[in-house]
Amino acid sequence: MSKLVIGVTGGIGSGKTAVTDYFSSLGITVVDADQAARIVVEPGRPALQKIAQRHGQDILTDEGTLNRSKLRDIIFNDDNERVWLEQLLHPLIRNQIIQELAESESPYTLMVSPLLVETDQHLLTHRILVVDVPEEIQLARTISRDGMSRAQARTIMAKQASRQQRLERADDIVDNSGSLEQLFQQLDKIHQTYLDLASL
Ligand code: ATP
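Being a predicted model, the structure only gives us computed values, none of them experimental.

A.B. asks: Please clarify how the overall build of the chain should be interpreted in this entry.
C.D. replies: A tally of helices and strands in the chain yields nine helices and five strands. Rg of the C-alpha trace for the chain: 18 Å, near the compact-globule value of 16 Å for 200 residues, within the 12% margin. With respect to the three principal axes, the spread of C-alpha positions in the chain is 50 × 40 × 30 Å. Residues classed as buried in the chain amount to 40% of the 200 residues present. A sequence separation of at least 24 residues applies to 73% of the contacts in the chain between residues at least 6 apart. Working note: accessible area of the chain is about 11,100 Å², and carbon and sulfur atoms make up 49% of it. Here the chain carries 21 positive and 28 negative side-chain charges, and the mean point of each set is 3 Å from the other.

A.B. asks: Explain the domain arrangement of the chain to me, please; I cannot follow it from the model alone.
C.D. replies: The accessible area lost on association of the parts is a frequent measure of interface size. Domain annotation for the chain reports domain 1 (1–28 + 108–200) and domain 2 (36–105). Domain 1 puts nine residues into the contact, and the matching count from domain 2 is eight residues. Note on domain 1 versus domain 2: buried area summed over both sides is about 750 Å², and carbon and sulfur give 66% of it. Run the count over domain 1 and domain 2 and you get one salt bridge. With its nearest N and O atoms 3.8 Å apart, the salt bridge here joins D120 to R94. Run the count over domain 1 and domain 2 and you get one residue pair in polar contact (both at pLDDT 80 or more). Looking at the side of domain 1 that touches domain 2 residue by residue, the classes come out as four nonpolar, three polar and two charged.

A.B. asks: What should I look at first to understand the site of the ligand in this one?
C.D. replies: Neighbouring residues of the ligand: 14 residues in total, closest K16, T17, R145, N176 and G178. A distance of 2.6 Å separates an oxygen atom of the ligand from a polar atom in the side chain of K16. N176 has a polar side-chain atom sitting 2.7 Å from a nitrogen atom of the ligand. When isolated, the ligand has an accessible area of 630 Å², and the protein chains bury 72% of it. For the shell around the ligand, the secondary structure elements donating two or more residues are α1 (16–25) and α6 (135–146).

Criteria and cut-off values
- Residues numbered from 1 in each chain as written.
- Predicted model: local features only at pLDDT ≥ 70, side-chain atom pairs only at ≥ 80, totals over all residues.
- Heavy atoms only, no water.
- Helix = DSSP H or I, 4+ residues; strand = E, 2+ residues; numbered from the N terminus.
- Rg over C-alpha atoms; globule rule 2.2 N^0.38 Å.
- Buried < 20%, exposed > 50% of the residue type's maximum accessible area, 1.4 Å probe, protein only.
- Contact = heavy atoms within 4.5 Å.
- Areas by Shrake-Rupley, 256 points an atom, 1.4 Å probe, with all protein chains shown as cover.
- Lys, Arg positive; Asp, Glu negative; His and termini not counted.
- Charge placed at Lys NZ, Arg CZ, Asp CG, Glu CD.
- Domains from an automatic or database assignment.
- Buried area = accessible area lost by both parts, 1.4 Å probe.
- Salt bridge = Lys/Arg side-chain N within 4 Å of Asp/Glu carboxyl O.
- Polar contact = N/O pair within 3.5 Å; in protein donor to acceptor, adjacent residues only side chain to side chain.
- Nonpolar A, V, L, I, M, F, W, Y, C, P; charged D, E, K, R; others polar.
- Near = heavy atom within 4 Å.

Written out as structure tokens, the structure reads:
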């Protein structure tokens, strides 16, 4: 297990994937909270069985996987169901993340989550790296990547921590308002800092 866990966060479309892919290419293990959330409801997992018991077999696709859009509709319209689901999944996601962190053998480990500062996930990390971009760039990149409307992108952004709230929690900040080349140059320096910290 690496002694040093760096939490990576940033709003939708800020460049978290661009950042973690780069660290990954440097040999650093990346634990992804979104991926952990998908793993805990894979077929065969107890959580999927519990969801099907509560909402009926209709909540599964023909292949037996979770019908996410159906579940999303249910919890969007019913707070009780949202709370039930969160109480079921949050501890499982946390355990999945802890297990993956424990298995990491790289000099330090990144844990990326869009909700790092909004949830208690940051408690699993030693430092927080924020991927920072002005809102206008964040909107433009999200719209061009996902083809969503400006209004949809804004709705998602409104549910996340604000740029200011995130920056207040940052130990390290990477500015992703420029080119990928400029991003990677900053990441090379940060990588060196983390290697130094990990060897203390
Ligand atoms: P999400 O929270 O939605 O998963 P994210 O934070 O992982 O998003 P990315 O997917 O890395 O964000 O980046 C959003 C989009 O912007 C992608 O299409 C990516 O290729 C592009 N992008 C990221 N950084 C840059 C950059 N420096 N210059 C140009 N495009 C970029």
